[in-house]
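# Structural description and commentary
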Amino acid sequence: MEKFDGYLFSKLDNIGSKSEGPKYFLQYFDGNESVVEKKVELFQEDPILHKFLNKKVTIIGKLSHDGIMYDKIMNYMK
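These figures come from a predicted structure and were not determined experimentally.

For Asn14, which is not glycine, the phi torsion reads 55° and is therefore positive. Mapped onto the elements of the fold, Asn14 is located in the loop between β1 (2-13) and β2 (21-27). Residue Asn14 is classed as partly exposed on the basis of its relative accessible area of 30%. Phi at Asn54 takes a positive value of approximately 60°, unusual for a residue other than glycine. For Asn54, the position within the fold is in the loop between α1 (47-50) and β4 (55-64). The class for Asn54 is exposed, based on a relative accessible area of 52%.

See the structure below:
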């Protein structure tokens, strides 16, 4: 498992389709971003990620070619 620190935010994805829903991103403190893979259908909000939106977080998980596959997420602590 790896540790990823940054700011969690979302954008609306698949606009205008039946799959329209939030896509989650982690903005690292250096300004780069990675997608955070959600564990629900494309059109649904991920309840675990959604409660951490617009906050600095630490994500424990794995980085794949699709993005960060989270195992655990928590508030960021220095």
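Here the structure, examined in full by the defined rule, presents two aromatic pairs. Look at Phe9 and Phe25: their rings are 5.4 Å apart centre to centre, the planes differ by 15°, and that puts the pair in the stacked class. Placement of Phe9 in strand β1 and of Phe25 in strand β2 is noted, with a sequence separation of 16 residues between them. By the burial criterion, Phe9 is buried, and Phe25 matches it. Ring geometry for Phe29 and Tyr76: centres 5.0 Å apart, planes at 65°, overall edge-to-face. Residue Phe29 is located in the loop between β2 and β3 (33-37), and its partner Tyr76 is located in the segment after β5 (67-75); the two are separated by 47 residues in the primary sequence. The exposure class assigned to Phe29 is partly exposed, which follows from its relative accessible area of 47%. Exposure remark for Tyr76: the relative accessible area of 27% places this residue in the partly exposed category. One cation-aromatic arrangement involves Lys11 over Phe25; the distance from NZ or CZ to the ring centre is 5.1 Å.

The rules behind the values
Residues numbered from 1 in each chain as written. Predicted model: local features only at pLDDT ≥ 70, side-chain atom pairs only at ≥ 80, totals over all residues. Heavy atoms only, no water. Helix = DSSP H or I, 4+ residues; strand = E, 2+ residues; numbered from the N terminus. Buried < 20%, exposed > 50% of the residue type's maximum accessible area, 1.4 Å probe, protein only. Phe/Tyr/Trp six-rings, centres within 6.5 Å; stacked < 30°, edge-to-face > 60°. Lys NZ or Arg CZ within 6 Å of the ring centre and 35° of its normal.

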